[in-house]
Amino acid sequence: QVQLVESGGGLVQPGGSLRLSCAASGTIISNYVMGWYRQAPGKQRDLVARISGGGSTNYVDSVKGRFTISRDNAKNTVYLQMNSLKPEDTAVYYCNAPSGSGVVFGSWGQGTQVTVSS
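Just so we're clear, the structure is a prediction, and the values are computed from it rather than from any experiment.

Conventions we followed
Residues numbered from 1 in each chain as written. Predicted model: local features only at pLDDT ≥ 70, side-chain atom pairs only at ≥ 80, totals over all residues. Heavy atoms only, no water. Buried < 20%, exposed > 50% of the residue type's maximum accessible area, 1.4 Å probe, protein only. Helix = DSSP H or I, 4+ residues; strand = E, 2+ residues; numbered from the N terminus. Pairing = 2+ DSSP bridges. Axes fitted to C-alpha atoms, helices over the stretch in contact; angles between N-to-C directions. Phe/Tyr/Trp six-rings, centres within 6.5 Å; stacked < 30°, edge-to-face > 60°. Lys NZ or Arg CZ within 6 Å of the ring centre and 35° of its normal.

K.L.:
Give a description of the pairing of strand β7 (residues 67-72) that names residues and reports values.
P.N.:
Only one face of β7 is covered, namely the face carrying F67, I69 and R71; the face carrying T68, S70 and D72 is uncovered. Sheet analysis places β7 next to strand β8 (residues 77-82), joined by 6 bridges and oriented antiparallel. Of the residues in β8, the one forming a bridge with I69 is L80. Hairpin remark: β7 followed by β8, antiparallel, with 4 residues in the connecting loop; positive phi at N76, about 55 degrees.

K.L.:
Provide a residue-level description of the sheet that holds strand β2 (residues 10-12), including the pertinent values.
P.N.:
Strand order in the open sheet formed by 6 strands is β2-β12-β9-β4-β5-β6, and the pairing between neighbours is mixed. Pairing within the sheet leaves two strands with one partner each, and these edge strands are β2 and β6 (57-59). Averaged over all pairs of adjacent strands, the angle between strand axes in this sheet comes to 25 degrees, irrespective of strand direction. One ladder, built from 3 bridges, connects strand β9 (residues 91-96) with strand β12 (residues 112-116); its direction is antiparallel. Residue pairing in the sheet places Y93 in a bridge with T112 of β12.

K.L.:
Requested: an account of the pairing of β9, with residues and values cited.
P.N.:
Counting buried positions along β9 gives 6 out of 6 residues, so the element sits mostly inside the fold. Relative to β9, strand β4 (residues 34-39) runs antiparallel, the two being bridged by 5 bridges. By the bridge assignment for β9, Y37 is matched with Y94.

K.L.:
Before we move on, can you summarise the sheet that holds β7 with the specific residues and values?
P.N.:
Judged by pairing direction, the sheet is antiparallel, and its 4 strands sit side by side in the order β1-β3-β8-β7 without closing on themselves. The open sheet has two free edges, formed respectively by β1 (3-7) and β7, since each of these has just one partner strand. Neighbour-to-neighbour, the strand axes of the sheet open up by a mean angle of 15 degrees, direction not taken into account. Alignment of strand β3 (residues 18-25) against β8, held across 6 bridges, turns out to be antiparallel. In the sheet register, A23 faces β8, and the bridge partner there is T77.

K.L.:
Give me the lowdown on the packing of aromatic side chains, citing residues and values where you can.
P.N.:
Within this structure, the stated rule accounts for 3 aromatic pairs. With centroids separated by 5.9 Å and ring planes inclined at 80 degrees, the aromatic side chains of Y94 and W108 adopt a geometry described as edge-to-face. With a gap of 14 residues between them, Y94 in strand β9 and W108 in the loop between β11 (102-103) and β12 connect regions that are remote in the sequence. Residue classification places Y94 among the buried positions, given a relative accessible area of 12%. Taken together, the ring pairs connect Y37, Y94 and W108 into an aromatic cluster. Between R19 and the ring centre of Y79, over which it is positioned, the NZ or CZ distance is 4.0 Å. Here the guanidinium or amino end of R45 rests over the ring plane of W108, the centre of that ring lying 3.7 Å away.

Worth remembering: the numbers are spatial, not functional.
Structure follows, in structure tokens:
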């Protein structure tokens, strides 16, 4: 059973920072491209950042320059450093392994709530 556990979310003021973690168990994720997704109420879940096994990264334009995805393969963990947070970043954040327009792991984690509000 593959399990993905997201943590690190919380309430932060606009302009603040958070660091999210995604801990994987049941599989070794070093072989996978990994990504962070977010979903706001009533909206679809969208990929916002991805990182290859070699460390190459990609971001959607809305977070580029503010978010940084990284990974620690020894800890089987992926991170998302979020700086200069905006209210529109408010969402539940999830991790998975993007593959084309879908994902590799069929079971999503519980996600971690990020709320940006003054």
